[in-house]
Amino acid sequence: MANNVRFLRGGCRCYIEALVRHLENRYSVSTKYRTHWSGYLLALLIMAGALGVRLLIAPVEAGLQYITFFPAVTLSVLLSGFRIGLFATILGALLATCIFTPPYYALSWATLEKSFWSNLVFIFDGTLVSLAIDAMHRYRLLMSAKLNQALDVSSAVESNNRHLRQILEHLPINLILLDRQGNVAEVNQTTLQRIGRDRDAVIGKAFVDLSCWTYDPRIHGKIQLALQLVQQGLNQRFDVAMSVGGRMLPVDFQLKPVYAENGEITGYLAAGVDISARKQAEIILLRHKTCIDTAHDGFWITDMDGYILDVNQSYAYMSGYTEVELVGMHISAVEANEDAADIKAHLAKILAQGHDMFETRHRRKDGHVYDVEVSVNFNGETRELFAFFRDITERKQNLAKLRIAAVTFDSPDGIMVTDTTGIILQVNRAFQEITGYSAEEVIGKRPSLLSSGRHDKTFYKEMWTQLQTTGYWSGEIWDRRKNGQIYPKCLTITAVKDDRGTVSEYVATFGDITERKRVEEEIRNLAFYDDLTKLPNRRLLQDRIEHALLAAARNGQYGALLFLDMDKFKLLNDTLGHHHGDIMLVEVANRLKFSVREADSVARIGGDEFVLLLEKVGESINEASQKAALVAEKIRAALAVPYHILNHVHHSTPSIGVRLFGADDNSVEDLLKHADAAMYEAKNGGRNQVRFFDPDLQKVLESRAAMEADLRRALDAGQLQLHYQPQCDVERRVIGVEALIRWLHPERGLIPPLEFIPIAEESSLILDIGCWVLNTACRQLAEWQKQPSMRHLQVAINVSAHQFNTHDFIKSVQTAISAHGVDATALKLELTETVIVNDVEAVKAKMLVLKAFGVKLSLDDFGTGYSSLAYLKQLPLDQLKIDRSFVRDIATDPSDEVMVKAIIDMANNFHLQVIAEGVETGEQLNFLKLHGCEAFQGYLFGRPVPASDLNFMVEGG
Ligand SMILES: Nc1nc2c(ncn2[C@@H]2O[C@@H]3COP(=O)(O)O[C@H]4[C@@H](O)[C@H](n5cnc6c(=O)[nH]c(N)nc65)O[C@@H]4COP(=O)(O)O[C@H]3[C@H]2O)c(=O)[nH]1
């Protein structure tokens, strides 16, 4: 039972809930509603209720049964709509038929028929009522919906306005509405809050006078201008700083006119946006841009294809292009190491890995290439490449320098680095090799460790003083190796300065110059010593004389210069050869060295000329002369001892000239010249002698030297001539001539050969002159041989010993003969006895060759020399010439008479022709004829004349 009650209660509650929902639906604002089962149930209940009430108040036969159901139908329509109303109507018709149509409470076909018209009317009415009520209901609903809709719109507008106002009030924009005069008409809350004023305090105030502008005249000006322009209908935009709570807020204001519907300007709207964030962003952007622009490094942005989009000033400066030129340029225009294909590949690599850092080289606008270090990043958002460039040319150069420095440090020169106090910091391998000390042994020590002790404190003090003042010292120094050996080194010390110019280290570079010194010594020996005898040469002698002169001036003592020349040395050289000559010179040098003191100097100044320098030989001129004479004599004696040279015994003596010198003398050259002059004097005086210098002699020698110079020029200038002196037979017929040289000096006139031939003999000039004479005489002979009257003449020419002894003398004679085409038998060479003084065999051999050509040989000046008769026997001579000194006094001096007779006899014995020269008188001629002389030469027959004059002489008889 309880369960049944609970079930019923539950069912009722469900039904009631359903009913409520039904009614809610029914009276909802919606114009639609759905027919629900609860509506049918409700209609049943209402119909049942109406039936119950009818039956309670009246019996079934009371009639008006349809009125019973009419209100129920109406209620059902009202509550549940047309369909339910129709349902209630049909239900009412059925109930009325069944209950109120007799027989009551029965439903049959008959009752249905009986109540057909009543039911039809009822159903028609019910349907009509249902339709009417439903239509009314629907109309109400529609009206109500429309009303609701209208109500909704107006409240939404109001709400929107409120909302909008709220938004405008609190929008973070300063909104200020101005009237036409520029006074504030309305202002939003944001602005009021920002400027810290009430609305009332602001409304009506001039916009330009608002306190937020901080009375800055520039801001006022800006606003005034904007107001003026906006009044002309132009929109304005300006940035101003608003004072907000004590700080300045940047605001971007837009001022626009507000128009009425008729297009008239009714006021202006000023809308200010807080741009502090933007400004901040701009500042940050500016900072970044400034950073990039002012960065020392170059910077650019490129697209992914390598075209430059932006570039900073540093890169522009670096590349030499302007920023404008660079923008749009492709990387390949500045890249020097990579070509376009390489760049493309490199860009792809950077895009793949997002970044890269590398070194390359860029080309400046002027073509100059420089090294750069590149750091590049790919920005995925902008799809751009950001690259920084650093010019590393200097760094590279520094690296190169460092490498060079490292190589230099590894150089064969020793290097030592010390700090400023002289403590050794570093040494290189060469240092260790040269000094013998390892790096560990010297680092931390002082360079004095290497000192040899050869230099005193002053030396090192001066070195450091120079280093400190100039930062550099260079010189030679003696140091000691670890093994104790002292060696010379060439040292350079350089002060190294830091960036501030303060000395930070000293670098000493040195080389072991032991070998160089040795070579230098060798060169010095070559330069200052004679290679053959190892004696000082002229240069060193001059140096020593200079010192001796200074010493003489200081100590007041005299010194002496001995100039000596070996007599007949040239002869030895020419006859036995230079090797013999050299051996003799070495012997002479040794004898000289043994003959003088250690302090004295012996020098060889050329050929066979030696000079001895004796210092401190006396305080007075007398004492000095005596001592010098003693030494000179000692030397003369020592050098006069015969020389044994390679199985030959050579006799030679010196001629010695002495020049004393004292405090008054100062010219080295003069001293040497004077000693040389004295030596000549000794030579001229008969050789093997000692002579002291005589000033007059000096003059003679000087004039000889001048003449030698003139003579040298004379040969080329054609100043030499040959004159010819006739040689006659007993019938006084000219059988030949002697060619005699003449010098036609342009200033001094005709110079006889005795004045210049001896000078030429002393130099090699005699060879040139001899060659000229030989050729000139041959040319003349050739001329005469063409003339019948002269053809028989024999031409004699003088040949000096020097000329005869030259190795090519024979060749020169042969050449002259064939060159001029002369008959060699007409050529006669007059030789002096000096030719045959030494190597008789060699002279003989030469003579034989000459004779083989047909050339005749005559021995000139016979009787004046040292000729031995043995020579006469051996030599293939044709003629002897009696010297004119014998002929001159032939009549007065009995010894000359004997001499001439002896010569003629000897010639006859040796089957030699004989000719007498210098025949001036008939007496002399007769004497000579009487004693068998058959040829004559002398003024008696004719003086030497030019060739042209000789023709007359011969032809004229
Ligand atoms: N007082 C005097 N003198 C006479 C007489 N007859 C000839 N003389 C001179 O005696 C010299 C003879 O020549 P020499 O004995 O070979 O002596 C020559 C010869 O040794 C040398 N000489 C001349 N020409 C040459 C030459 O071409 N070559 C060489 N090497 N020496 C030459 O110069 C020397 C001197 O030559 P000159 O002055 O020409 O002197 C010549 C001649 O002029 C005379 O009757 N009385």
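Scroll up a little and you will see the structure.
Residues numbered from 1 in each chain as written. Predicted model: local features only at pLDDT ≥ 70, side-chain atom pairs only at ≥ 80, totals over all residues. Heavy atoms only, no water.

1. Thoughts on the pairing of strand S26 (residues 794-799)
Remember that side chains alternate between the two faces of the sheet whenever the strand is regular. Among the six residues in S26, five count as buried, and that is most of the element. Taken together, the four bridges between strand S24 (residues 734-745) and S26 define a ladder with parallel strand orientation. Counterpart to Val737 in the pairing with S26 is Val795. One ladder, built from five bridges, connects S26 with strand S27 (residues 827-831); its direction is parallel. Bridge pairing in S27 places Asn798 opposite Glu830. (Buried < 20%, exposed > 50% of the residue type's maximum accessible area, 1.4 Å probe, protein only. Helix = DSSP H or I, 4+ residues; strand = E, 2+ residues; numbered from the N terminus. Pairing = 2+ DSSP bridges.)

2. Describing the nonpolar core
Counting 82 residues, the largest nonpolar core has Leu829 and Leu928 as its most contacted members. Ranked by the residues each element gives to this core, the list is headed by helix H26 (residues 765-786), at 10 residues. (Core = buried A, V, L, I, M, F, W, Y, C linked by side-chain atoms within 4.5 Å.)

3. Considering the environment of Asp729
Mapped onto the secondary structure, Asp729 falls in strand S23 (residues 720-729). On the basis of relative accessible area, Asp729 is assigned to the buried category, the value being 13%. Separated by 208 residues in sequence, Asp729 and Gln937 have C-alpha atoms that sit 9.1 Å apart. When near neighbours in sequence (up to four residues on either side) are disregarded, Asp729 contacts Ile735, Glu934 and Phe936. A polar atom in the side chain of Asp729 sits 3.0 Å from the backbone nitrogen of Glu731. (Contact = heavy atoms within 4.5 Å. Polar contact = N/O pair within 3.5 Å; in protein donor to acceptor, adjacent residues only side chain to side chain.)

4. Some details on the packing of helix H2 (residues 37-57) against helix H4 (residues 82-100)
It is the contact of H2 with H4, at a shortest axis distance of 10 Å, that shows an interaxial angle of 35°. Here H2 and H4 pass one another in a crossing that is right-handed. Contacts between H2 and H4 pair Gly39, Tyr40, Ala43, Leu44, Met47, Leu51, Arg54 and Leu55 from the former with Arg83, Ile84, Phe87, Ala88, Leu91, Gly92, Leu95, Ile99 and Phe100 from the latter. Here the contact of H2 with H4 is built from residues that sort into 13 nonpolar, two polar and two charged. (Axes fitted to C-alpha atoms, helices over the stretch in contact; angles between N-to-C directions. Left-handed = near helix turned anticlockwise from the far one by under 90°. Nonpolar A, V, L, I, M, F, W, Y, C, P; charged D, E, K, R; others polar.)

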